[in-house]
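Letter by letter, the chains look like this.
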Amino acid sequence: MRQSAPPKTYRVKSFGCQMNVYDGERMGELLGDKGMTPAAEGEDADLIVLNTCHIREKAAEKVYSDIGRLTKNGKQPMIAVAGCVAQAEGEEIMKRSPAVGMVVGPQAYHRLPDMIDKAARGERATDTDMPAETKFDALPRRRKVGPSAFLTIQEGCDKFCTYCVVPYTRGAEISRPFADLVTEAERLVASGAREITLLGQNVNAWSGEDAKGNSTGLEGLIKALAALPDLQRIRYTTSHPNDMSDALIAAHGEVEKLMPYLHLPVQSGSDRVLKAMNRSHTAESYLKLLERFREVRPDIALSGDFIVGFPGESDAEFEDTLKLVDEVRYAQAFSFKYSPRPGTPAAGMEGQIAREVMDERLQRLQAALNRDQLAFNRASEGKICDVLVERKGKHPGQWLGKSPWLQSVFFEGEAQIGDLVQVELAEAGPNSIRGRLLEKIAA
Ligand code: 5AD
Ligand code: SF4
């Protein structure tokens, strides 16, 4: 690799989950600390960080085509490949793509600044360590953020669902310490955050010791954050059914700032498929769990993840998934075709499902989920609720924000980004709701 001047501008492109968005923001802060500035819209950046996702199909191919695009017409930006593809296929990327100067895994990106110095000297570097000392201690203070901010509280996964790469790319489950999280949350609020979404691959497995030295689960952290006066809303994602504690369920009925929304992936409605997935819950135990949330918070909006076409999934087993959907009536959900991930047990299982069958199942599942999403939105018409204003809308004088149930709401009137306003939900569509501004509650 040739030597180059140290990069002055950067662009971080994050793919995939919200944890990657969080990591991407933190990488931006690290680069900012190094004196670099974000490249202006439409301008080439000196350093490009591709913060990749490996969860589903063609992840690596996407990286190579992005690299091809970035180096078109003889351009030679410094390129860093970060995220889960870096972790899983870093060496291969280095071999195949001489334009890549750095490969850095999700647990090592705090070392990015040193790697950039090396790359400027012409030395390529790969760092996919999962260091015992946590990267979070090495990251700079949070900077200015928008009204809705992410906070990673837990990382990694010990569940080993048979289809999933996360336990391999993100490593074992770790919980960040209580005190560090309260401090980071305070800084986010001081920088303008009014809503914090607590993130983790198994966020409800978070555990720690509170300020008094008592051990606590996620509910204790939520309650501590709810005491921050300027923080209006708390959310968390993604949860695993098996880590749901009584205390956390109860918190949904006790903590006003905890929003009435739960993302709880189920993946399939068939017990045989769930077993083959190593999910260690059944359709029935999942439904019972949701029932308990509805008891303490009757208006809770439910969301889930689904995989269709897991190896061996029969027509009847897929029908069980549709049955579960009919029973739950999700407010929102995410559904995917099964994608064999290299190195996972399911990739080698017999009975891989034909693409056309998966396509058809996905279409049917999505039709049912869309039907329920629209029904949920329609049932909200006439409700009066708070909306946290996140940005300007497409039209002049229009604002966009989220309802407590995570619906996108747009309305017109006097408001500013970061305001919490009272809105009547007037007209629901499948993906958003037109609201009527009633009054401002807090700025
Ligand atoms: N194929 C398809 N979907 C997957 N997911 C995870 N791994 C795979 C895979 N190999 C989905 C699951 C998970 C979500 C984040 O991505 O539904 O909950
Ligand atoms: Fe993947 Fe399962 Fe862990 Fe979720 S719980 S990250 S699907 S292994």
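A few points on the structure.

Definitions and cut-offs
- Residues numbered from 1 in each chain as written.
- Chains lettered and ligands numbered in written order.
- Predicted model: local features only at pLDDT ≥ 70, side-chain atom pairs only at ≥ 80, totals over all residues.
- Heavy atoms only, no water.
- Helix = DSSP H or I, 4+ residues; strand = E, 2+ residues; numbered from the N terminus.
- Rg over C-alpha atoms; globule rule 2.2 N^0.38 Å.
- Buried < 20%, exposed > 50% of the residue type's maximum accessible area, 1.4 Å probe, protein only.
- Contact = heavy atoms within 4.5 Å.
- Areas by Shrake-Rupley, 256 points an atom, 1.4 Å probe, with all protein chains shown as cover.
- Lys, Arg positive; Asp, Glu negative; His and termini not counted.
- Charge placed at Lys NZ, Arg CZ, Asp CG, Glu CD.
- Pairing = 2+ DSSP bridges.
- Right-handed = clockwise from strand over helix to strand, strands pointing away.
- Disulfide = S-S within 2.5 Å.
- Axes fitted to C-alpha atoms, helices over the stretch in contact; angles between N-to-C directions.
- Phe/Tyr/Trp six-rings, centres within 6.5 Å; stacked < 30°, edge-to-face > 60°.
- Lys NZ or Arg CZ within 6 Å of the ring centre and 35° of its normal.
- Core = buried A, V, L, I, M, F, W, Y, C linked by side-chain atoms within 4.5 Å.
- Expected span 1.5 Å × (residues − 1).
- Arc of directions from axis to C-beta.

1. Regarding the overall build of the protein
And then number 1: Helices and strands together make up the secondary structure of the protein, namely 13 helices and 21 strands.
And then number 2: A compact globule built from 443 residues would reach a C-alpha radius of gyration of about 22 Å, and the protein, at 22 Å, matches this within 12%.
And then number 3: For the protein, the spread of C-alpha atoms along the three principal axes comes to 60 × 55 × 50 Å.
And then number 4: When the 443 residues of the protein are sorted by exposure, 53% land in the buried category.
And then number 5: Long-range pairs, those at least 24 residues apart, make up 70% of the contacts in the protein with a sequence separation of at least 6.
And then number 6: Counting every atom, the protein has about 19600 Å² of accessible surface; 49% of that belongs to carbon and sulfur.
And then number 7: Here the protein carries 57 positive and 63 negative side-chain charges, and the mean point of each set is 4 Å from the other.

2. What about the pairing of strand β1 (residues 9–14)?
And then number 1: Bridge analysis of β1 against strand β2 (residues 37–38) gives two bridges, and the strand direction is parallel. Paired with tyrosine 10 across the bridge in β2 is proline 38.
And then number 2: Crossover connection from β1 via helix α1 (residues 18–33) to parallel β2: handedness right-handed.
And then number 3: Bridge analysis of β1 against strand β3 (residues 47–52) gives five bridges, and the strand direction is parallel.

3. Side note on the state of the cysteines
And then number 1: For the structure shown, the criterion picks out zero disulfides.
And then number 2: Lacking any disulfide linkage, cysteine 53 is separated from the closest cysteine sulfur, that of cysteine 17, by 6.3 Å.
And then number 3: Cysteine 53 sits in the partly exposed class, given a relative accessible area of 22%.

4. Focus: the environment of glycine 413
And then number 1: With respect to the helices and strands, glycine 413 occurs in the loop between β19 (408–412) and β20 (420–428).
And then number 2: According to the relative accessible area criterion, glycine 413 is partly exposed, its value standing at 35%.
And then number 3: Note: C-alpha distance between glycine 413 and isoleucine 222 (191 residues apart in sequence) is 33 Å.
And then number 4: Setting aside residues no more than four positions away along its own chain, glycine 413 makes contact with Gly397, Trp399 and Leu437.

5. Looking at the sheet that holds strand β16 (residues 332–337)
Backbone-to-backbone hydrogen bonds pair the strands of a sheet. The strands run either parallel or antiparallel.
And then number 1: Reading across from one edge, β14-β15-β16 is the order of the three strands in this open sheet, with parallel pairing throughout. A strand with exactly one partner marks an edge of an open sheet, and here the two such strands are β14 (261–263) and β16. Going from strand to strand, the sheet's axes swing by 10 degrees on average, the running direction of each strand aside.
And then number 2: In this sheet, β16 lies alongside strand β15 (residues 301–308) in parallel orientation, the contact comprising six bridges. Within the sheet, the bridge partner assigned to isoleucine 307 lies in β16 and is phenylalanine 336.

6. Some thoughts on the packing of aromatic side chains
And then number 1: Taken as a whole, this structure holds five aromatic pairs when the rule is applied.
And then number 2: Arranged with centres 5.6 Å apart and planes meeting at 75 degrees, the rings of phenylalanine 160 and tyrosine 168 form a pair that is edge-to-face.
And then number 3: Residue classification places phenylalanine 160 among the partly exposed residues on the basis of a relative accessible area of 36%.
And then number 4: A relative accessible area of 40% means that tyrosine 168 is categorised as partly exposed.
And then number 5: Through a chain of ring-to-ring contacts, the aromatic side chains of Tyr163, Phe310 and Tyr338 assemble into a single cluster.
And then number 6: We note arginine 96 situated over the ring of tyrosine 64; from NZ or CZ to the ring centre the distance is 3.6 Å.
And then number 7: For the cation-ring pair, lysine 383 lies above tryptophan 405, with the distance from its terminal atom to the ring centre recorded as 4.5 Å.

7. What about the pairing of β19?
And then number 1: Residues Val409 and Phe411 of β19 are buried on one face, while the alternating residues Ser408, Phe410 and Glu412, pointing to the opposite face, are not.
And then number 2: Both strand β18 (residues 398–402) and β19 contribute to a ladder of five bridges, which runs antiparallel. Each residue of the ladder has a partner; that of glycine 401, found in β19, is valine 409.
And then number 3: Between β18 and β19, which pair antiparallel and follow one another directly, the connecting turn spans five residues, one of which, leucine 406, has a positive phi of 65 degrees.

8. Thoughts on the nonpolar core
And then number 1: In terms of nonpolar packing, the biggest core is built from 79 residues, with Leu47, Leu198, Leu221, Tyr236 and Tyr330 touching the most fellow members.
And then number 2: Per-element tally for this core: the top contributor is helix α7 (residues 178–190), with six residues.
And then number 3: What leucine 198 contacts, discounting residues up to four positions off in sequence, is Leu151, Ile153, Val203, Leu218, Leu221, Ile222, Leu225, Ile234, Arg235, Tyr236 and Thr237.

9. Some details on helix α12 (residues 315–328)
And then number 1: In this model α12 runs 20 Å from its N-terminal to its C-terminal C-alpha over 14 residues, within 8% of the 20 Å that 1.5 Å per residue would give.
And then number 2: Listing the buried residues of α12 in full gives Glu317, Phe318, Thr321, Leu322, Leu324, Val325 and Val328. In a view along the axis of α12, the buried residues occupy a sector of 155 degrees, so they form one face of it. When the buried face of α12 is taken as reference, the exposed residues oriented beyond 90 degrees from it are Asp315, Ala316, Lys323 and Glu327.
And then number 3: Buried residues along α12 sit in contact with α10 (271–276), α11 (283–296), β15 and α13 (355–379).
And then number 4: Arginine 329 sits one or two positions beyond α12 and adopts a positive phi of about 60 degrees.

10. As for α1
Each α-helix turn comprises 3.6 residues. Residues three or four places apart therefore point the same way.
And then number 1: The terminal C-alpha atoms of α1 lie 23 Å apart, and with 16 residues this matches the ideal 22 Å at 1.5 Å per residue to within 8%.
And then number 2: Of all the residues in α1, the buried ones are Met19, Asn20, Tyr22, Asp23, Gly24, Arg26, Met27, Gly28, Glu29, Leu30 and Leu31.
And then number 3: A positive phi of about 90 degrees marks glycine 35, the residue just after α1.

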